[in-house]
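# Summary of structural features
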Amino acid sequence: MGEELVSRTQVGIVGAGPAGLVLGHLLHREGIDAVVLESRSRDYVERRVRAGVLEQGTVDLLIETGVGERLQREGIVHHGIELRFDGRGHRIPFDELADGRGITIYGQQEVVKDLIAARLDAGLPLLFEAEALGVEGIDGDEPTIRYRYEGRERELRCDVVAGCDGYHGVSREAAPAGALTQYEREYPFAWLGILAEVAPSTEELIYAYHENGFSLHSLRSPSISRLYVQCDAGDELEQWPDERIWQELHTRLARDDGWELEEGPIVERTIAPMRSIVTEPMQHGRLYLAGDAVHIVPATGAKGLNLAVADVRVLAGGLVDWFRSGNERLLELYSATCLRRVWQTQNFSAWMTAMLHRYPDADDYQLRLQRAQLDYVCRSRAAAASLAEQYVGLELAQTKSSV
Ligand code: FAD
Ligand code: PHB
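Figured I'd write up the structure that's included with this text. No experiment lies behind these values; they were computed from the predicted model shown.

For the rest of this paragraph, the subject is the site of ligand 2. Taken together, 14 residues form the shell around ligand 2, and within it Tyr207, Ser218, Arg220, Tyr228 and Ala299 come nearest. Note that an oxygen atom of ligand 2 is positioned 2.6 Å from one of the side-chain N or O atoms of Tyr228. A distance of 3.2 Å separates an oxygen atom of ligand 2 from a polar backbone atom of Thr300. Computed on the free molecule, ligand 2 has an accessible area of 280 Å², of which 97% lies beneath the protein chains in the complex. If one sorts the elements of the shell around ligand 2 by residue count, strand E14 (residues 215-221) sits on top with 3 residues.

Okay, here's the thing in structure tokens:
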């Protein structure tokens, strides 16, 4: 390419997932320079199928900051979900229970595409196939990201490094041994997810509890369905030919009133492990960690992307204050502010997971407790309101120092 690469910036961002791209976007709006380094190609990150449910707060932020135009046109707003078990559906109405707030169905890769386009259109630095190899000097004033780009090792010197490089990233490792503590839970099952070229058989998402295991009917557009089945933790895709996937979906999603699941060609499939992880604190020296780089939630609550966006919203507020006026107060509170939401979300995601999945070692006592929980959520307005409030997203933290 031959162009001059930036070797010094205010904020070096590792990773162009939702966390890194939203952070870069928020900082740019406040006149703060950042360079985003992404190990994968643009094509890869724009095609990677992952989340699909955006909380109201995530949607509002994208719209308010000028990257929500396509989201407003193509996103599908939902005001409820269905819990399905014993052949019956039970609607949780968000409009009644969550002050009119809802969720928007819009694929994560669409959010990523919109943010990449906005960044590149503005001529801002975003390097693809630029793999961070390590972050150094985080205890000093000029942390440095070592990275490989176009076959050469390079350095990016920064005032601050934002580690937004996901669960498999390298930035977390820059913290000295013993500085961070990890809390985790592995689940004895995984999710097999498919995209199918068929109109969704439902208007709202269906979370189904069944003795064969959990399943979920979601969607991406009026012509694309997104479906998941619980599978064993060690399962490989070869064990799940198309017929088996559809068979399980029909069985687990069956409803007594003759509701039908439509099948269509499967165009994408992956198996995702289910785990819960929190790393504390979310910061060390001049390194700030955000999104999947510091916490993972099981997908049952649809929270991972939303939590990543909530983190960087807080981080951007703190960085703006610090760069503008040298006021460190918000930055010092970064980890504590985020962890409050992170643990609330861990709790919600673990609760949804426990209520809806079939645990291989569950005895009859545990199965009956699970039934009691489902029954309670479907019959009690208070329990349903608690689910609704958390599903649409808890209130966001204050990010301005003036208040
Ligand atoms: P990532 O999206 O993982 O981005 C990190 C980026 O860093 C990647 O692009 C990666 O390539 C890059 N990177 C890694 N290492 C390096 C390196 N060394 N150098 C440079 N770049 C690097 N969440 C929801 O909110 N709602 C949902 O409905 C939902 N459903 C999901 C369904 C599935 C099947 C899965 C797998 C996840 C789902 N999630 C959901 C979770 C959500 O996708 C993640 O939480 C989200 O991607 C986190 O964003 P992030 O930016 O922190 O990390
Ligand atoms: C999705 O549409 O991919 C999706 C929806 C809800 C979840 C998880 C994933 O809980």
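Before going further, it helps to spend a moment on the state of the cysteines. Inspection of every chain in the model, using the stated rule, returns 0 disulfides. Counting only cysteine sulfurs, Cys338 is the nearest neighbor of Cys164, a cysteine outside any disulfide, at a range of 11 Å.

Taken as a whole and judged by the stated rule, the model has 29 salt bridges. Its salt-bridge partner being Asp114, residue Arg70 comes within 3.0 Å of it at the nearest N-O pair. With Arg70 in helix H4 (residues 69-74) and Asp114 in helix H6 (residues 108-121), the pair connects residues that are 44 residues apart, well separated along the chain. Here Arg275 and Glu186 are joined by a salt bridge, their closest N and O atoms 3.5 Å apart.

Strand order in the open sheet formed by 8 strands is E6-E5-E13-E14-E15-E12-E16-E19, with mixed pairing between adjacent strands. Taken across any chain shown, the strands that pair with only one partner, and hence form the sheet edges, are strand E6 (88-93) and strand E19 (295-296). Here strand E5 (residues 80-85) pairs with E6 via 6 bridges, running antiparallel. Bridging across to E6, Arg84 finds its partner in Gly89.

The subject of this paragraph is the pairing of E14. Most of E14 is tucked away: 7 of the 7 residues are buried. Sheet topology places strand E13 (residues 206-208) next to E14; 3 bridges connect them, and they run antiparallel. Across the sheet, residue Ile206 finds its bridge partner in E14, namely His217. In sequence, E13 turns back onto E14 through a hairpin of 6 residues, with Gly213 there showing a positive phi of about 130°.

Right, let's get into the side chain of Gln108. Locating Gln108 in the fold gives a position in helix H6. Look at Gln108 and you get buried, because its relative accessible area is 9%. Those residues in contact with Gln108 that lie beyond four places of it in its chain are Pro18, Arg50, Ala51 and Leu305.

What follows covers the site of ligand 1. Around ligand 1, a shell composed of 35 residues is seen, among which Glu38, Arg48, Gln108, Asp292 and Leu305 lie nearest. Within the contact set of ligand 1, an oxygen atom lies 2.9 Å away from a backbone nitrogen or oxygen of Ala19. Within the contact set of ligand 1, an oxygen atom lies 2.7 Å away from a backbone nitrogen or oxygen of Leu305. Starting from 1,000 Å² of accessible surface for ligand 1 in isolation, the protein chains cover 90%. Looking at the shell around ligand 1, the elements that each hand over two or more residues are helix H1 (18-29), strand E9 (130-136), strand E15 (224-232) and helix H8 (304-325). With 4 residues, the top contributor of residues to the shell around ligand 1 is H8. In terms of residue class, the shell around ligand 1 is built from 16 nonpolar, 10 polar and 9 charged.

Another point: the pairing of strand E2 (residues 34-37). Because side chains alternate across E2, one face comprises the buried residues Ala34 and Val36, and the other comprises Val35 and Leu37, equally buried. Pairing between E2 and strand E8 (residues 126-127): 2 bridges, direction parallel. The residue of E8 that forms the bridge with Leu37 is Leu127.

This part is about the sheet that holds strand E7 (residues 103-105). One open sheet holds the 3 strands; their spatial order is E3-E7-E4, and the pairing between them is antiparallel. Looking at the sheet topology across the chains shown, the edges are occupied by strand E3 (53-55) and strand E4 (76-78). Neighbour-to-neighbour, the strand axes of this sheet turn through a mean angle of 35°, independent of strand direction. Both E4 and E7 contribute to a ladder of 3 bridges, which runs antiparallel. Note that in E7 the partner of Val77 across the bridge is Thr104. Across the sheet, helix H3 (residues 56-64) is in contact with E3 and E7; its angle to E3 comes to roughly 80°.

A few words now on the packing of aromatic side chains. This model, assessed by the stated rule, comprises 11 aromatic pairs. When the centroid spacing of 5.3 Å and the interplanar angle of 25° are considered together, the rings of Trp191 and Phe214 count as stacked. Pair noted here: Trp191 is in strand E12 (residues 181-196) and Phe214 is in the loop between E13 and E14, with a separation of 23 residues, a long-range link. Look at Phe214 and you get buried, because its relative accessible area is 0%. Judged by centre distance (6.1 Å) and plane angle (40°), the ring pair of Tyr207 and Phe214 falls under tilted.

Definitions and limits used
Residues numbered from 1 in each chain as written. Chains lettered and ligands numbered in written order. Predicted model: local features only at pLDDT ≥ 70, side-chain atom pairs only at ≥ 80, totals over all residues. Heavy atoms only, no water. Near = heavy atom within 4 Å. Polar contact = N/O pair within 3.5 Å; in protein donor to acceptor, adjacent residues only side chain to side chain. Areas by Shrake-Rupley, 256 points an atom, 1.4 Å probe, with all protein chains shown as cover. Helix = DSSP H or I, 4+ residues; strand = E, 2+ residues; numbered from the N terminus. Disulfide = S-S within 2.5 Å. Salt bridge = Lys/Arg side-chain N within 4 Å of Asp/Glu carboxyl O. Pairing = 2+ DSSP bridges. Buried < 20%, exposed > 50% of the residue type's maximum accessible area, 1.4 Å probe, protein only. Contact = heavy atoms within 4.5 Å. Nonpolar A, V, L, I, M, F, W, Y, C, P; charged D, E, K, R; others polar. Axes fitted to C-alpha atoms, helices over the stretch in contact; angles between N-to-C directions. Phe/Tyr/Trp six-rings, centres within 6.5 Å; stacked < 30°, edge-to-face > 60°.

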